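# Examination of the molecular architecture
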Amino acid sequence: MGAFVQDSILSILSAVRSAARPVLLLVAAALVAAGAVVPAQVRAQPDRAAHTVTIVVEKTTRIDFSDDLRTTVKQGTTQTLTTTYSVYTNRAEAQVVTASATGSGVLTGLEVTAEMAAPDDESVSTGPKTLLTGGDVQTKTLLENLKGASASNVDLTYQVSASPQAPPGRSSISITYTVSTD
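Small disclaimer: the values here were computed from a predicted structure and weren't measured.

This part takes up the overall build of the protein chain. Scanning the protein chain from terminus to terminus reveals 2 helices and 10 strands. Looking at the protein chain residue by residue over its 182 residues, the buried ones come to 24%. In the protein chain, 75% of the contacts between residues at least 6 apart in sequence involve partners at least 24 apart. Summed over all atoms, the accessible surface of the protein chain reaches about 12,100 Å², with 52% contributed by carbon and sulfur.

As structure tokens, this is what we get:
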């Protein structure tokens, strides 16, 4: 804005100071509306900024089982227990599922086998595997080539056998499943 316009505005404001206050406000409002009073550097300028959000999807594998099972088995017989499991993995590399059993109580003469059905067409079930014979614990691979799967209500079958020599009593068997890469 030129010096002449600024000097003129200041002269008008000096003259108006002596007049009534409403007149001063009216003149100031008219000048602001005309854009003459507000210098360019005081006017609001758009302010912009940017930043980047990086998102990492973590590799995930999750396996869940339905409720605990309970059975009664007579000496010299085998009971079959069927339950289900769910599995989710977003990993592209092949994984295996292994299982091992530990027990407490009367274990003599007991045998526990497990078999996991494959959750999809790519995964491979290795068939029934013995996890516990008496007190001897074994770790076995039950599933191979698990990758990029999402399935629920997949069959999981246990067979519990008691030899004719198995003494009466209560046993508690805990089976631990581990998902790992080949």
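Taken in spatial order, the 6 strands of this open sheet run S1-S2-S9-S4-S6-S7, and their pairing is antiparallel. Looking at strand neighbours, the two that pair on one side only are strand S1 (61-65) and strand S7 (136-137), the edges of this open sheet.

Right, let's get into the sheet that holds strand S10 (residues 171-181). The strand order S5-S8-S3-S10 describes an open sheet built from 4 strands, whose pairing is antiparallel. Of all strands in the sheet, those with a lone pairing partner are strand S5 (124-125) and S10, marking the two edges. Note: strand S3 (residues 95-105) against strand S8 (residues 139-146), 5 bridges, orientation antiparallel. For Ala99, the partnering residue across the bridge sits in S8 and is Lys140.

With the rule as written, the count across this model stands at 2 aromatic pairs. Ring centres 6.4 Å apart and planes at 40° place the aromatic pair Phe65 and Tyr85 in the tilted group. With a gap of 20 residues between them, Phe65 in strand S1 and Tyr85 in strand S2 (residues 77-89) connect regions that are remote in the sequence. For Tyr85, a relative accessible area of 1% gives the class buried. Between the aromatic rings of Phe65 and Tyr177, the centroid separation amounts to 4.5 Å while the plane-to-plane angle is 35°, which identifies the pairing as tilted.

Here we come to the layout of surface pockets. Taken as a whole, the largest pocket encloses approximately 970 Å³ of empty space. Every residue lining the largest pocket is counted, 32 residues in all, and those nearest its centre are Leu69, Arg70, Thr71, Ser171 and Ile173. Those elements giving two or more residues to the lining of the largest pocket turn out to be S2, strand S4 (110-116), strand S9 (150-162) and S10. Here the lining of the largest pocket gets 6 residues from one element, more than from any other, and that element is S10. Among the residues making up the lining of the largest pocket, the classes are represented as 17 nonpolar, 10 polar and 5 charged.

Of all hydrophobic cores here, the largest spans 23 residues; its most connected members are Tyr85, Val97, Met116, Tyr158 and Tyr177. Ranked by the residues each element gives to this core, the list is headed by S9, at 5 residues. In this structure Val97 touches Ile63, Met116, Lys140, Thr141, Leu142, Leu143, Leu146, Tyr177, Thr178 and Val179, once residues within four positions along its chain are discounted.

Let us now look at the pairing of S9. In the sheet, S2 pairs with S9 via 11 bridges, with the strands oriented antiparallel. Across the sheet, the residue bridging to Tyr88 is Ser150, located in S9.

Turning to the pairing of S2, a few remarks are in order. Examined bridge by bridge, S1 and S2 share 5 bridges and lie antiparallel to one another. Each residue of the ladder has a partner; that of Thr61, found in S2, is Thr89.

What counts as what
- Residues numbered from 1 in each chain as written.
- Predicted model: local features only at pLDDT ≥ 70, side-chain atom pairs only at ≥ 80, totals over all residues.
- Heavy atoms only, no water.
- Helix = DSSP H or I, 4+ residues; strand = E, 2+ residues; numbered from the N terminus.
- Buried < 20%, exposed > 50% of the residue type's maximum accessible area, 1.4 Å probe, protein only.
- Contact = heavy atoms within 4.5 Å.
- Areas by Shrake-Rupley, 256 points an atom, 1.4 Å probe, with all protein chains shown as cover.
- Pairing = 2+ DSSP bridges.
- Phe/Tyr/Trp six-rings, centres within 6.5 Å; stacked < 30°, edge-to-face > 60°.
- 1 Å grid on protein atoms, 1.4 Å probe; cavity = no way out; pocket = protein on both sides within 12 Å on 5 of 7 lines; lining within 4 Å.
- Points joined across faces, edges and corners; volume = space filled by probe spheres on them.
- Nonpolar A, V, L, I, M, F, W, Y, C, P; charged D, E, K, R; others polar.
- Core = buried A, V, L, I, M, F, W, Y, C linked by side-chain atoms within 4.5 Å.

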